Structures are given as C-alpha cells and as structure tokens.
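Commentary on secondary and tertiary structure
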Amino acid sequence: VSRGRQFAKPRSPLTAPVFYVLLSLSIRDRHGYDILKHVEASSEGRIRLGPGTLYTALKRLLDAGLISELVPGPDEDPRRRNYRLTARGRAELTGELKRMEQAIVLAGGRRLRARS
Amino acid sequence: MTARWADRLYGSVVALYPWRFRKEYGEEMKLVFNDMVIDPEVSRKRVWLSVIRDIANLTGGGLGLGALFGALVVLIWFVGRSDIVPLDTTLGLGLIALLFVGAGFTGAWRSGTIAGGIWVGFVAGLVSAVTVPGDYLLFRNFPFYDLMSLVFTMATSAAIAMLFVGAGAALPDSSRHRHRIRRSIGAFVGAWRQDPELSP
C-alpha cells in the first residue's frame, strides 16, 4: 500500500506508532517532543520514536485528516507546532480500541489470555 | 560529543529526507532532536539509537526493493551470458532498461517522492554492478583495456541506467512533472524572446 493511500481504506488496523500518537493526542493537544515522550511512557518503552519516524507519522495523519495543526500563539516558538486530534481521528481511534476489545474478548473466550 | 556537534550531525541526517518533507518538518525535527539531547532523562545512547532507527526506516523499504530489482538485472545478465536460454542482446538490454524504469517507478510510487524512486534505482544499480566481477570470475571475460576504461564504462552505464530510473520515478506523478517541464520550457523560451541579448 502506498504511503499516501495508507488511510484510504476505512476500518483498516492502525500501525503501533500511529495508534500511540493518536492516543497521546486524545488526551490533549501536544507538540512533537511531548508526543514522543508520551508515546514512550504509555507504551512502557516498547515504542520509541525518533524525530524522523514521528514526523513521518504526523504527516500521514495530517494528510489523512486524522489530526490538525494548531497555529502557535504570539508568545510561543513558531517552530514548535501543536497538533490536535480531529473528529475523524477520534472515530478512527475509537474503532481501533473496539477492535482491540473484541480481540481480548475472543482470546478470553478461548482461554488464550496471557498468564500473569 | 557536545550538543552543538550533535545538532550539526543531525542536520546532515535531516538532509537525507525528501526536500518537501524537510522544508515542512526539518526545523521541527531538529528542535525535537535538540530536546532529546538536552533532556537529562534521555541517555545519549538512546538518542543516537532512535536516529539510527529513523535512518533504517527511511531507507529500509528502498534497500530491499532496490536489491530485488538489482538481483533481477543480474539474473537477466547471467542468463544471457551463459546461453541457458537463448536471449538476444537487444532484448536482454531492453529488459534490463525496463527493470531500471520499474525500480524508479516502484520506489517513487511507494515513497510518494521522486527521491524515493532514485534511491531504489541507485541501490539496484549498485547490486547490478556485481555483473562486472561476476562476468570475469564465471566467464573469464574482462572487456576493459585498463582501469580508466573500466571506470569510464561503469560511469557511462550508471548514467544511462539512472536516466531510465529517473524516467520511471517521474511516471507516478507524470501530469504534474509534464506541467513543470512545460512551464520551465515556457519560461526559457519567454526569456529568449524578451531579452535581445539572449536572442540568436
């Protein structure tokens, strides 16, 4: 699938970095480094994004209309842009969470839950 | 390494990204990198590991794809040379040219940039250069007078191959490139018409 068409297919599973980026923006608007730190913390260190991977993911999400860019305030660094989850992005994230819930229910029903 | 040197080094990593992406996000990427470098919670090792991962992500798909096209070029070359299948030289060279066009096209289509297509074609070219030592080792054929003629032939072949790669890379967005070329020619012709010193 070409990068430009990655989100063209509705209800397709999100990649792990994209999922965590959307999750971090579902809490509040954030700038690049804030997203990077939150993704690492919420994934318990499993997803560690570099600046290049982060902005590649942000560009794809912007192109797909799942997030939007906020205009920096007068007392903010113009280079440090903030990003916000759009209604479409929230719907996509909710859909992904539902898919995950269904998978957990299915695994639980088949006694496939990981032993703690 | 000081933070300033790290920033400079990262600046050259940012230069690897497509021009349009760099223009839009380059400064922000450098800012995020600087945040990582000065963050006491993030070790230098982790900073550079994330940069290495970025570079791998940037070139990873292209490397595999380029190697695949390069391997196909090598395969056609050796099938033709070994006479396993009777392959006309013109047909063989035509197939190889098509593979370079394909490498450029696929790379550009996947990455959304011409640079992505050129990168895949470049890797394919590097892999296909195996044919020179391979031809000597397998068929005892070394059709070069000296080192200079080898370098000249390799450079000419690379330039011709990159022409095919470039043509392939321009195909996914051909209407926009056609418009650009027409606009450039228009500007050039306009300059000739308007400037009496440039007129023949």
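These figures come from a predicted structure and were not determined experimentally.

**Let's talk about the pairing of strand β3 (residues 82–85) of chain A**
- Alignment of strand β1 (residues 30–31) of chain A against β3 of chain A, held across two bridges, turns out to be antiparallel. Counterpart to His31 of chain A in the pairing with β3 of chain A is Asn82 of chain A.

**Side note on the packing of aromatic side chains**
- Using the criterion set out here, one finds six aromatic pairs over all chains in the structure.
- Judged by centre distance (5.3 Å) and plane angle (80 degrees), the rings of Phe19 of chain A and Tyr20 of chain A are edge-to-face.
- Residue Phe19 of chain A is classed as buried on the basis of its relative accessible area, which comes to 7%.
- Relative to Tyr25 of chain B, the ring of Tyr55 of chain A has its centre 5.7 Å away and its plane inclined at 35 degrees; by these criteria the two rings are tilted. Of the two residues, Tyr55 of chain A sits in helix α3 (residues 51–63) while Tyr25 of chain B sits in helix α2 (residues 19–38), which places them in two different chains. The two residues Tyr55 of chain A and Tyr25 of chain B agree in class, both being buried.
- In textbook terms, an aromatic cluster arises when at least three aromatic residues are bridged by ring pairs, as seen for Tyr55 of chain A together with Phe21 and Tyr25 of chain B.

**Thoughts on the interface of chain B and chain A**
- Contacts between the two partners involve 24 residues from chain B, matched on the other side by 25 residues from chain A.
- Roughly 2,300 Å² is buried in total at the junction of chain B and chain A, and carbon and sulfur atoms are behind 52% of that figure.
- Among the residues of chain B in contact with chain A, Tyr25, Glu28 and Leu31 of chain B are the three that bury the most area, contributing 26% of the side total.
- Counting every contact that joins chain B to chain A gives five salt bridges.
- Between Glu28 of chain B and Arg81 of chain A there is a salt bridge, with its nearest N and O atoms 2.6 Å apart.
- Where chain B packs against chain A, one counts 12 residue pairs in polar contact (both at pLDDT 80 or more).
- Of all the elements in the fold, those that place two or more residues in the side of chain B that touches chain A are α2, α3 (44–82) and α4 (89–111) of chain B.
- In terms of residue count, α2 of chain B provides more of the side of chain B that touches chain A than any other element does, 11 residues in total.
- In terms of residue class, the side of chain B that touches chain A is made up of 11 nonpolar, three polar and 10 charged.

**Details of unusual backbone geometry**
Residue and element names in this part refer to chain A.
- We note that Glu44 has phi near 55 degrees; this positive angle belongs to a residue other than glycine.
- Positionally, Glu44 belongs in the loop between α2 (32–42) and α3.
- Residue Glu44 is classed as exposed on the basis of its relative accessible area, which comes to 68%.

**Quick notes on the environment of Thr156 of chain B**
- Relative to the helices and strands, Thr156 of chain B resides in helix α7 (residues 147–170).
- A polar contact is formed between the side chain of Thr156 of chain B and the backbone oxygen of Phe152 of chain B, at a distance of 2.6 Å.

**Focus on the nonpolar core**
- Formed by 40 residues in total, the largest nonpolar core has its most connected members in Val21, Leu22, Tyr55, Ile67 and Tyr83 of chain A.
- Where this core is concerned, the elements lending two or more residues are α1 (16–27), α2, α3 and β3 of chain A together with α1 (3–14), α2 and α3 of chain B.
- Those residues in contact with Val21 of chain A, other than ones at most four positions away along the chain, are Ile35, Val39, Leu49, Leu54, Leu58 and Leu61 of chain A.
- Phe69, Ile96, Phe100 and Ala161 of chain B belong to the second-largest nonpolar core, a separate cluster that totals 12 residues.

Calculation criteria
Residues numbered from 1 in each chain as written. Chains lettered and ligands numbered in written order. Predicted model: local features only at pLDDT ≥ 70, side-chain atom pairs only at ≥ 80, totals over all residues. Heavy atoms only, no water. Pairing = 2+ DSSP bridges. Helix = DSSP H or I, 4+ residues; strand = E, 2+ residues; numbered from the N terminus. Phe/Tyr/Trp six-rings, centres within 6.5 Å; stacked < 30°, edge-to-face > 60°. Buried < 20%, exposed > 50% of the residue type's maximum accessible area, 1.4 Å probe, protein only. Contact = heavy atoms within 4.5 Å. Buried area = accessible area lost by both parts, 1.4 Å probe. Salt bridge = Lys/Arg side-chain N within 4 Å of Asp/Glu carboxyl O. Polar contact = N/O pair within 3.5 Å; in protein donor to acceptor, adjacent residues only side chain to side chain. Nonpolar A, V, L, I, M, F, W, Y, C, P; charged D, E, K, R; others polar. Core = buried A, V, L, I, M, F, W, Y, C linked by side-chain atoms within 4.5 Å.

Functional significance is not addressed by these values, which are geometric in nature.
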